[in-house]
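Observations on the three-dimensional arrangement
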Amino acid sequence: MTDTLKNWMTEGYFRLSAYSPLTKESRILVDKRNKIMYPSTEIVARGLAGLPNSAISHLYLAYNNDDAYPANGYTISENNTTFQKDASSGYLRLPITLPPTITPAGDGSYQLLTFTVLVSQPSSFKVTGSPNLSGSSDFFEAALICQTDPFGSVSNTTGDRVFSRVAFQRLQYDSTFNLTVSWAIKLQI
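Report follows, based on the coordinates. (Residues numbered from 1 in each chain as written. Predicted model: local features only at pLDDT ≥ 70, side-chain atom pairs only at ≥ 80, totals over all residues. Heavy atoms only, no water.)

**A few points about the overall build of the protein chain**
Helix and strand counts for the protein chain stand at two helices and ten strands. In sequence order, the protein chain lays out its α and β elements as α-β-β-β-α-β-β-β-β-β-β-β. The buried share of the protein chain, reckoned over its 189 residues, is 43%. In the protein chain, 76% of the contacts between residues at least 6 apart in sequence involve partners at least 24 apart. Accessible surface computed for the protein chain: about 9,400 Å², of which carbon and sulfur atoms make up 53%. (Helix = DSSP H or I, 4+ residues; strand = E, 2+ residues; numbered from the N terminus. Buried < 20%, exposed > 50% of the residue type's maximum accessible area, 1.4 Å probe, protein only. Contact = heavy atoms within 4.5 Å. Areas by Shrake-Rupley, 256 points an atom, 1.4 Å probe, with all protein chains shown as cover.)

Written out as structure tokens, the structure reads:
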């Protein structure tokens, strides 16, 4: 990715919140800066060219049933777009739930583009593996995805392209809570 494009899109955040419909308790579980990936240039180019299937369409939420992997505090390189899939790990492929919002800065120097995903029945979106989402699976990273293949699905992710990715402290899923993901990208002028 050129430095100009990278500087144009590097700011933003990833926020994962939990809400209990029973107790009405709400809390932020993760609040981190995101990382724009090198392959994002393909997604930007497709969007500017007006090609079909060039919008951010999904979120990957990676999980693992093995307490030893990955270690907390690991980092993601800007060109690593591969997600681990085996018997104890995999990822959920969740559609963007609400239309993205665009919030301009008061001085016009940037636009904040925010994607939102609401998660209430995560097991129906698993790509592979056997997540135990009732208590022993840990979430540990997420990614914004562009589904370039019009036939893309949970069983066909070959056309999925990673735009942005974030790693965070391992987080055990509590099935009594719904999750909300807010992922913002700051587009500077």
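**Regarding the sheet that holds strand S3 (residues 35-36)**
With respect to topology, five strands assemble into an open sheet ordered S3-S9-S8-S4-S5, the strand pairing being antiparallel. Of all strands in the sheet, those with a lone pairing partner are S3 and strand S5 (89-95), marking the two edges. Here S3 pairs with strand S9 (residues 160-172) via two bridges, running antiparallel. Looking at the pairing, Lys 35 lines up with Arg 165 of S9. Sitting on the sheet, helix H2 (residues 40-48) touches S3, strand S4 (56-64), strand S8 (138-147) and S9, and the angle it makes with S9 is about 130 degrees. (Pairing = 2+ DSSP bridges. Axes fitted to C-alpha atoms, helices over the stretch in contact; angles between N-to-C directions.)

**Here we look at the nonpolar core**
Membership of the largest hydrophobic core comes to 31 residues, with the highest contact counts inside it found for Phe 14, Leu 59, Leu 61, Leu 144 and Phe 168. Looking at this core, the elements with two or more residues in it are strand S1 (11-19), H2, S4, S5, strand S7 (110-119), S8, S9 and strand S10 (178-188). Those residues within four positions of Leu 61 in sequence are excluded, and the remaining contacts are Gly 90, Tyr 91, Leu 92, Leu 94, Phe 139, Glu 141, Ala 142, Phe 168 and Leu 179. If you look at the next biggest cluster of nonpolar residues, it comprises eleven residues, including Ala 62, Ile 76, Phe 140 and Val 162. (Core = buried A, V, L, I, M, F, W, Y, C linked by side-chain atoms within 4.5 Å.)

**Observations concerning the pattern of salt bridges**
Going through the model one piece at a time under the given rule, you end up with five salt bridges. For Arg 165, the salt bridge identified is with Glu 141, shortest N-O distance 2.5 Å. Within this pair, whereas Arg 165 is found in strand S9, its partner Glu 141 is found in strand S8, the two being separated by 24 residues in sequence. We classify Glu 141 as buried; its relative accessible area is 4%. (Salt bridge = Lys/Arg side-chain N within 4 Å of Asp/Glu carboxyl O.)

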